[in-house]
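Secondary and tertiary structure notes
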Amino acid sequence: MFNGIKGVLYRELNVYRKRAGKQLLATSLSPLLFLIAFGWGFGDRVMAEGLPYITFLIPGLITMSSLNQSYGIAQEINITRFYFHLFDEYLIAPVTHIEIVLGEILYGMFKGLLSTLLIFIYATLFKVQLILSPLFFIAILIHTFLFASLGTTMAMVVRDHGSQATVNTFVITPMVFLCGTFFSVDKLPYLFKSIVYLLPLTYSTKVIRASLTGGTVNPLYLSLMIIFAGLFFFSAYLAVKKVEA
Amino acid sequence: MREILQVKGLVKNFSKKTAVAGVDFTISEGEFVGLLGPNGAGKTTTIKMLTGLLKPTEGEVIYYGRDFFRHARESKRFIGVVHQYSNLDRDLTAYENLYLHCILHGIPKIERDSKIKEALEFAGLTEYEDKEVKTFSGGMKRRLIIVRALLHEPKILYLDEPTVGLDPQIRRSLWDLIVKINQIKSMAILLTTHYIEEAERLCQRVMIINKGRIISSGSPEQLKKGVGRYVLEIFYDDHIEERFFSTRDEALEELRKCTLSCRIREITLEDVFLKLTGRRINV
C-alpha cells in the first residue's frame, strides 16, 4: 500500500539529506536578509495593521519562505523529469498517479514546514512574540499543501526547464511581493487589490498572520485556501495522469 | 509456452508524424525477441507504449489476456524496463537506487536487502554498493540499470538499445549478462537495437521494423534464408551493388562474369534489411 508515496519520499528525502547543509543555508539566507533589512530597519517605529512592523513581517516571511520551498519542488521535479529521467521510473512502477502526486506534495510540505521552523527560530532571536494557535498549524499545512500541489502541477505542465523559470518570474515572484508579505494588501490601489484577491497567497498571508498575532481569522479566507488547495491538488493529479515520457 | 504479451494494431501519431503505424506481435514466456530497425523506425515509441510511458493513438496491449491500460497497475508487475538512457538517480548510491525500485515495486521489506545484494553480485557491482552513481562509468550504470529492472522478477524485460554508446568490450560483457538473464531467470526479453550483430547473436526471433511497421519477422536464419544465403558485392566507383543467391555455386558463377571488383560473403541481417527496404540500417 502507498508504495508510490513511500518511494517518492524515500528518493526525495535521501537526496535532501545529502544536500541538507547547502539546502538549509539557502533556505535560511533570504528571510534573514529581509528581517535584517526591513525588520531591524523599520523596527518598532513603523506600524502595520496595528502591529510593530517586525511582528507584521514575520508571518509574511513564513508564508513567503514556505511558499518558495513548497512550490520550489517544481524545479526539482523538473530536473528529475527532464535531465535524470527518474520520473519515468515512477511512471512504469505499479503505483497510482495519486500516490506519485501525494509523495511529491508531502515532500514539498516537508520543505515548507522546515523553512517555517527556521523563521520561528529567527523570530525568537529577534525577540518577536508570536502566538502558536492550532489554527496556525492547520493554516500552514493547507498553505504548504496548496503550493506544493501547484508546484507539482507546474512541473508537469511545462515543457522544459526554461519554461519553469518563466512561470517563476511572471507568476510566483509578483505574487510573493504583492500578496501581503511586506505590506497590507488593503493599501494597494483598487486595480491591484482586485488582482491580488484572486491569488491564493493573499488568503494564506491573511490567515497565517491573524493566527500568529492574535487577530481574527476570517473563515471565508480559510475556506478559500481549502478550495484553492483542492483545485491545485486535482490539477496536479490530472497533470501527472496526462504526462508522457 | 504461455503467451505473455499480445500487441494488436498499435499506432502512435504525434502532431505531424506517425511514429508507429500499426504493429502486431506476440511474445511468449522465455522468448528472446529483437526489434531491429534504424534510428527513428519506431522502436522506442513502441517500447514506451508497451510500458505505459506513452498512450497509443490506436491499438491494444495485452498482458496475460488483460488490457494493459485498463489494468495498468497489475500489468506493470509483469514488466521490467531498461531505457536507452540512464534514469538512475546520480545522487543516490547503487544500493539506494535499487532500494527505491524495491519500494516502488512493493517488494516486502524483509526481502529487500538480500535481493539487492544478489542483484549487485549478479552485476559484479558488490564493492560499489555504497558509491554514488555519479561516480560510475557508463558500463557500470548500464549493468546497474539492467539488474534493477530484474529486482521484482518481471515476466518480460524490455531492453531499449541497451548497449548504445558503449565501447565494443563493454557491449560484449553486457551481452553475456543479458544472455545469462534470459537463460538463468527464464525471462522473456524484447530487445530493440540497430546493431545487426547484437540482434543476430542474442535473439531467437527478430522483427524488422521500418517507418513504424514490422516488415518481416522470424529467426535470424529464417530471415536470411528468405533473401538468400550469399551476397555478391560488386564495387562500382560511387556505390556497391548487392546480389543475393541461395547457393555459393550460383554466386561464384555470377562472380566469374563480373568485370569489376567483386566479392562473395555470407548474408547478414543488414542485407535482409537492405533487400526489404532499399536502405541500410546503420547509415
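Because the structure is predicted, anything quoted here is derived from the model rather than measured.

Counting its regular elements, chain A contains 11 helices and 2 strands. Whereas a compact globule of 245 residues would reach a radius of gyration of roughly 18 Å, chain A reaches 18 Å, a difference of no more than 12%. Taken along the three principal axes of its C-alpha coordinates, chain A extends 60 × 40 × 35 Å. Counting every position in chain A, which comprises 245 residues, the buried fraction comes to 47%.

Broken down by element type, chain B carries 10 helices and 13 strands. Within the span of chain B, comprising 283 residues, buried residues form 43% of the whole. Intrachain contacts of chain B at a sequence separation of at least 6 include 68% that bridge at least 24 residues.

This paragraph deals with the interface of chain A and chain B. Facing the 23 residues of chain A at the interface are 23 residues of chain B. The set of elements that each furnish at least two residues to the side of chain A that touches chain B consists of helix H1 (3-18) and helix H5 (86-91) of chain A. Here the side of chain A that touches chain B gets 9 residues from one element, more than from any other, and that element is H1(A). Class assignment of the residues belonging to the side of chain A that touches chain B gives a composition of 11 nonpolar, 6 polar and 6 charged.

As a further point, take the nonpolar core. If you look at the biggest cluster of nonpolar residues, it comprises 146 residues, and the most contacted ones within it are A:Leu146, B:Ile156, B:Tyr158 and B:Ile189. Sort the elements by how many residues they give to this core and helix H7 (residues 134-157) of chain A lands first, with 12 residues. Summarising the domain contributions, this core has at least three residues from each of domain 1 (3-219) and domain 2 (223-277) of chain B. Excluding residues within four positions of it along the chain, A:Leu146 makes contact with A:Pro200, A:Met225, A:Phe228, A:Ala229 and A:Phe232.

Residue and element names in this part refer to chain B. Of the residues in chain B, 99% have a pLDDT of 70 or more, and the chain-wide mean is 90. Taken element by element, chain B is modelled with least confidence in helix H10 (residues 269-277), mean pLDDT 83, and with most confidence in helix H3 (residues 94-104), mean pLDDT 97. Scored by ipTM, the complex comes to 0.90, with pTM at 0.89.

Our next topic: the confidence of the model for chain A. Here chain A averages 90 in pLDDT, while 99% of its residues score no lower than 70. Model confidence for chain A, summarised as mean pLDDT per element, is weakest for strand S1 (residues 47-48) of chain A at 79 and strongest for helix H11 (residues 219-242) of chain A at 96.

Residue and element names in this part refer to chain B. Note that Gly 138 resides in helix H5 (residues 138-150). Using a count of 12 C-beta atoms within 10 Å as the deciding quantity, one classes Gly 138 as exposed. Considered as a pair, Gly 138 and Leu 255 are 117 residues apart in the sequence and their alpha carbons are 45 Å apart. Once residues lying within four places of it in the same chain are set aside, the contact partners of Gly 138 are Gly 165 and Leu 166.

Each α-helix turn comprises 3.6 residues. Residues three or four places apart therefore point the same way. Counting buried positions along H3(B) gives 10 out of 11 residues, so the element sits mostly inside the fold. Residues of H3(B) that are buried: B:Ala94, B:Glu96, B:Asn97, B:Leu98, B:Tyr99, B:Leu100, B:His101, B:Cys102, B:Ile103 and B:Leu104. Buried residues along H3(B) sit in contact with H1 and H5 of chain A together with helix H4 (109-122) and H5 of chain B. In the segment just after H3(B), B:Gly106 is the residue with positive phi, at about 65°.

Reading the values: rules and limits
- Residues numbered from 1 in each chain as written.
- Chains lettered and ligands numbered in written order.
- Predicted model: local features only at pLDDT ≥ 70, side-chain atom pairs only at ≥ 80, totals over all residues.
- Helix = DSSP H or I, 4+ residues; strand = E, 2+ residues; numbered from the N terminus.
- Rg over C-alpha atoms; globule rule 2.2 N^0.38 Å.
- Buried ≥ 20, exposed ≤ 12 C-beta atoms within 10 Å, placed from the backbone.
- Contact = placed C-beta atoms within 7 Å.
- Nonpolar A, V, L, I, M, F, W, Y, C, P; charged D, E, K, R; others polar.
- Core = buried A, V, L, I, M, F, W, Y, C linked by C-beta atoms within 7 Å.
- Domains from an automatic or database assignment.
- pLDDT = per-residue confidence, 0-100.

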